[in-house]
Amino acid sequence: TCPAGARCCSMQMLVRVIGIALIINFSFFFSRVVIDGGNILAVQFYNNIPAPTLGAAASNGPVADKTKIAASAIAYPVADLASSDTKDLTANIMGAMQVQSILNTDSFKAFAQDSNFFFKVATLSFIYICMGVIFGLLAAMFFTIGLKFISRVVELWVVIIASPLALLMYATSNPNAKKYFNQWLNALITYSLYPAIFL
């Protein structure tokens, strides 16, 4: 009951309905502001990562020779990326592993001087098994991260679609409804900031 009478109650209800209508109409905008803020923050982290561009990696890699590019159909996508400024985030990881220094020509020349056949077989088997495990772990990590970024897009779609209902629940005075709003807000912030935290 309203102490000032029915007119006061109707005015409060009208103000509440107008407020809820405005909140629902701007729910997409509020969601996009948070998502774009997370994307801008992620771009700042991305720009500060010291990594070569894909163009530099392609020109320094084995496809730098134009005759090899012309002879190989696989090299054409790399050649197309050579003009872009996209960073090669995996260059630092592969540079830290230095696979080419473990299995290069100089290493095999020094290794071939040993005459013990079983030592050679055991050593080569150990090296190749270890490299296979390392590459398997890296592949699993990159696939997992890729799936997480794909699921992030889907989750943000759901968050944007549910934003009018979530803001409507926040506008109500029901504490159970506000629990769902808090879950929605947590998902919005978490998936918006995921790229920045990853980078």
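Residues numbered from 1 in each chain as written. Predicted model: local features only at pLDDT ≥ 70, side-chain atom pairs only at ≥ 80, totals over all residues. Heavy atoms only, no water.

**Q** Please explain the side chain of serine 192 as it appears in this structure.
**A** The residue serine 192 is located in helix H10 (residues 175-198) in this model. Other than its neighbours up to four places away in sequence, serine 192 contacts Val34, Ile35, Gly38, Asn39, Arg152 and Leu156. (Helix = DSSP H or I, 4+ residues; strand = E, 2+ residues; numbered from the N terminus. Contact = heavy atoms within 4.5 Å.)

**Q** Where do I start with the packing of aromatic side chains in this structure?
**A** Centre-to-centre distance and the angle between the planes together describe a pair of aromatic rings. Counted according to the given criterion, the structure contains five aromatic pairs. Arranged with centres 6.5 Å apart and planes meeting at 35°, the rings of phenylalanine 26 and phenylalanine 30 form a pair that is tilted. Members of the aromatic cluster, each reached through a chain of ring pairs, are Phe26, Phe29 and Phe30. One Lys or Arg, lysine 179, reaches over the ring of tyrosine 180 and ends 5.2 Å from the middle of that ring. (Phe/Tyr/Trp six-rings, centres within 6.5 Å; stacked < 30°, edge-to-face > 60°. Lys NZ or Arg CZ within 6 Å of the ring centre and 35° of its normal.)

**Q** Even after reading the chapter, I still don't get the environment of asparagine 47, so can you show me in this structure?
**A** Along the polypeptide, asparagine 47 turns up in helix H2 (residues 27-47). By relative accessible area, which is 45% here, asparagine 47 ends up partly exposed. (Buried < 20%, exposed > 50% of the residue type's maximum accessible area, 1.4 Å probe, protein only.)

**Q** How should I be thinking about the environment of phenylalanine 111 in this particular structure?
**A** Checked against the element boundaries, phenylalanine 111 lands in helix H8 (residues 105-112). Overall, phenylalanine 111 belongs to the buried group, its relative accessible area being 17%. Spatially, the C-alpha atom of phenylalanine 111 lies 9.5 Å from that of threonine 123, the residues being 12 residues apart in sequence.

**Q** Before we go on, may I ask you to explain the layout of surface pockets in this structure?
**A** By rolling a water-sized probe across the atoms, one finds the places where empty space is left. The space that makes up the largest pocket amounts to roughly 300 Å³. Lining the largest pocket we find Tyr46, Ile49, Leu89, Thr90, Ile93, Met141, Phe142, Ile145, Phe149, Phe198 and Leu199. When residues in the lining of the largest pocket are grouped by element, the largest group, four residues, is from helix H9 (residues 117-171). The residue makeup of the lining of the largest pocket, split by class, is 10 nonpolar, one polar and no charged. Put simply, the second largest pocket is a space of about 180 Å³. Along its surface, the second largest pocket is lined by Glu155, Val158, Val159, Ala162, Leu165, Ala166, Met169, Tyr180, Phe181, Gln183, Trp184 and Ala187. Looking at the lining of the second largest pocket, the elements with two or more residues in it are H9 and H10. Element by element, the count of residues in the lining of the second largest pocket is highest for H9, at seven residues. Here the residues of the lining of the second largest pocket sort into 10 nonpolar, one polar and one charged. (1 Å grid on protein atoms, 1.4 Å probe; cavity = no way out; pocket = protein on both sides within 12 Å on 5 of 7 lines; lining within 4 Å. Points joined across faces, edges and corners; volume = space filled by probe spheres on them. Nonpolar A, V, L, I, M, F, W, Y, C, P; charged D, E, K, R; others polar.)

Read these as spatial facts, not as claims about activity.
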